[in-house]
Amino acid sequence: MRIFDPHIHMTSRTTDDYRAMYEAGVRALVEPSFWLGQPRTSPASFFDYFDALLGWEPFRASQYGIAHHCTLALNPKEANDPRCTPVLDALPRYLEKDGVVAVGEIGYDSMTPAEDHALAAQLQLAADHQLPALVHTPHRDKLAGLHRTIDVVRESNLPPEFVLLDHLNETTVEAAADSGCWAGFSIYPDTKMDEDRMVAILQNHGTEKMIVNSAADWGRSDPLKTRKVADAMLKAGFTEDDVDQVLWRNPVAFYGQSGRLQLDVAAPDPLHEGNSILRGGE
Amino acid sequence: MLKSREELDAELGGAARAWLDEALAEAAHDAEAAHDAPRPGASPYASPPWELRYAAAGRRCGPEHADSVRSLLLVAARATLPSVTRLYEQGTAAERRAVLLTLHRLDLGPTALPLVEDALRANDTRLVAAAVGPYAADHLDPHAWRHAVLKCLFTEVPVAAIARLGERARGDAELARMLGDFAAERTAAGRTVPEDLRTVLGHARRTPTGPTTPGAAPGGVARTAPAGADAHRATPTPAPAAPAPTEES
């Protein structure tokens, strides 16, 4: 089984996770830039983070046989902080880089005018750089936030098939599917979605343009949720081909619109299996 | 290896060749303009067009040609220290590597050493390998150069990547001592001694002008230590605190 986790924050995870993910079948992932849990106070802090997503983290992933790509953006929360908004001026430089397969995470947190501006500006950046966009839907007031997101997407120069609406659930899947955008679901231990609810959504809405991710980060989360959804799908009677479509072909098709996916990472060196990253000082 | 413009022209398709022509023209134009003069009203984060092309080189010309194309752009732009520093600091690992591989072709003297030193602090072996090229051979001081050699051994970067290894290592008694201590530490930990260590040690034990001096090895590691168990059993005399090698080593 081959698995593509289209949304996972590996910076917050250990090399044990990489190894377990590889063993579970994960061969590729996308790491969206997001809020660190601790507010940033300057654009330079974003740049160090972007550089890590373009340098160190892909190297770390490659040692475990996993292809790493990223999405870059000013995230919805920090779009409200004037100390951070100059990041928008630097994004054109970053969005030209290999390994950047979308603009994201963008979208709404509290639905403020500053978030309106950042979302519209970054949808335009995606159009300018021929990149898809990964759009976070808000945790609070989700359905209203989704409708407002879809309105902004419709007004943008980015076609809906270049947009992935993420963190959907039973209450938002219908409107998202009707918009023509791709539908993303984050499977969490407690919140958002679980694997059985996900299977029910796939039974009701089909497997086309449906994308499943773990969204694992520094909070309570599970980087193997993609595999658990695959297993739950098989148990519920979906075929191997259905699983491959949802867990591999769909994310490859969505992010592949960037023209920048490189999925040919070598298998991990058996000498390094179970060992730590070579540190140069160990 | 980096390819010349002529070699690239022979290998690139028409669209890629045209893109490269335009990119090199933009870089050359930037070289003619006042370097790094602040543009009135410009964002501090705005980039000259050729620097955006520097990022896209692999997609336009093929990943196998990315290093060569980026290197040609740096040379055509006669990239200055602020420019190479910006491209390095804000670059992907591949973009950083191309800067490191090109430093010796730019008129920078030793001023770009901080970039090499940064790469040698990295754990990304692609950067370490690119940092020990001709520029490092020309400019790294003896202490930093010896640590670069050790870093390669630690991180399993083949020492073949180190430019002018034989010349710089020749007769370097301090390097030989460091290699001996490293071998002792590995042996004490029950780990193998990297094959490449013997290669470097062979250079370090040559006299500055003559052939290898038998028995002159500081550190006590067997001069012609063969591969395998014998090498692991070598006991370094200047490290009395090190425990004797175990059976398992």
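The model shown is predicted, which means the values in this text are computed figures rather than measured ones.

Definitions and limits used
Residues numbered from 1 in each chain as written. Chains lettered and ligands numbered in written order. Predicted model: local features only at pLDDT ≥ 70, side-chain atom pairs only at ≥ 80, totals over all residues. Heavy atoms only, no water. Helix = DSSP H or I, 4+ residues; strand = E, 2+ residues; numbered from the N terminus. Buried < 20%, exposed > 50% of the residue type's maximum accessible area, 1.4 Å probe, protein only. Contact = heavy atoms within 4.5 Å. Areas by Shrake-Rupley, 256 points an atom, 1.4 Å probe, with all protein chains shown as cover. Core = buried A, V, L, I, M, F, W, Y, C linked by side-chain atoms within 4.5 Å. Salt bridge = Lys/Arg side-chain N within 4 Å of Asp/Glu carboxyl O. pLDDT = per-residue confidence, 0-100. Buried area = accessible area lost by both parts, 1.4 Å probe. Right-handed = clockwise from strand over helix to strand, strands pointing away. Pairing = 2+ DSSP bridges.

**Remarks on the overall build of chain A**
- Secondary structure summary: chain A contains ten helices and eight strands in total.
- For chain A, buried positions account for 58% of its 282 residues.
- Here the analysis covers contacts within chain A between residues at least 6 apart in sequence; of these, 74% occur between residues at least 24 apart.
- Accessible surface, chain A: about 10600 Å² in total, of which carbon and sulfur atoms supply 50%.

**Observations concerning the overall build of chain B**
- Scanning chain B for helices and strands turns up 14 helices and zero strands.
- Relative to its 249 residues, chain B shows a buried fraction of 47%.
- Across chain B, every contact between residues at least 6 apart in sequence was considered, and the portion connecting residues at least 24 apart equals 66%.
- Summing over all exposed atoms, chain B offers an accessible surface of approximately 11500 Å²; the carbon and sulfur share of this is 55%.

**Side note on the environment of B:Leu127**
Residues and elements named next belong to chain B.
- Within the element layout of this structure, leucine 127 appears in helix H8 (residues 125–131).
- Judged by its relative accessible area of 6%, leucine 127 is buried.
- With 31 residues separating them in the primary sequence, leucine 127 and arginine 96 have C-alpha atoms 7.3 Å apart.
- Look past the residues within four positions of leucine 127 in its chain and what remains in contact with it is Ala93, Arg96, Arg97, Leu100, Ala119 and Ala122.

**What about the nonpolar core?**
- With 74 residues, the main nonpolar core has A:Phe50, A:Leu72, A:Leu165, A:Phe185, A:Met198 and A:Met233 as its most contacted residues.
- Excluding anything up to four places from it in sequence, A:Phe50 contacts A:Ser33, A:Leu72, A:Ala73, A:Val87, A:Leu91 and A:Tyr94.
- One finds B:Val99, B:Ala122, B:Ala130 and B:Cys152 within the second-largest nonpolar core, a separate group that totals 67 residues.

**Quick look at the pattern of salt bridges**
- For the structure shown, the criterion picks out 37 salt bridges over all chains.
- Ionic pairing is found between A:Arg93 and B:Glu51, a salt bridge with its closest N-O pair at 3.1 Å. Taken as a pair, A:Arg93 in helix H4 (residues 87–95) and B:Glu51 in helix H3 (residues 49–61) lie in two separate chains rather than in one. The same class applies to A:Arg93 as to B:Glu51, namely buried.
- A single salt-bridge network, built from bridges that share partners, covers A:Arg2, A:Asp241, A:Asp244 and A:Arg249.

**Comments concerning the confidence of the model for chain A**
- The share of residues in chain A with pLDDT of 70 or more is 95%, and the mean pLDDT across the chain is 93.
- The low-confidence segment residues 271–276 of chain A (pLDDT under 50) makes six contacts with residues lying over four places distant or belonging to another chain.

**Focus: the interface of chain B and chain A**
- At the junction of the two partners, chain B supplies 28 residues and chain A supplies 23 residues.
- Both sides together, the interface formed by chain B and chain A hides about 2200 Å², and carbon and sulfur atoms give 49% of it.
- On inspection of chain B and its partner chain A, the count reaches five salt bridges.
- Salt-bridge contacts for B:Glu95 lead to A:Lys97; the nearest nitrogen and oxygen are separated by 2.6 Å.

**Description of the pairing of strand S7 (residues 182–186) of chain A**
Residue and element names in this part refer to chain A.
- Among the five residues that make up S7, five are buried, leaving the element largely enclosed by the rest of the structure.
- Covered by surrounding structure in S7 are Trp182, Gly184 and Ser186 together with Ala183 and Phe185, the residues of both alternating faces.
- In this view, the connection linking strand S6 (residues 163–166) to its parallel neighbour S7 by way of helix H7 (residues 173–178) has right-handed handedness.
- Where S7 meets strand S8 (residues 210–213), four bridges bridge the pair, whose relative direction is parallel. Within the sheet, the bridge partner assigned to serine 186 lies in S8 and is asparagine 213.
- Note on the crossover from S7 through helix H8 (residues 195–205) to S8: the handedness is right-handed.

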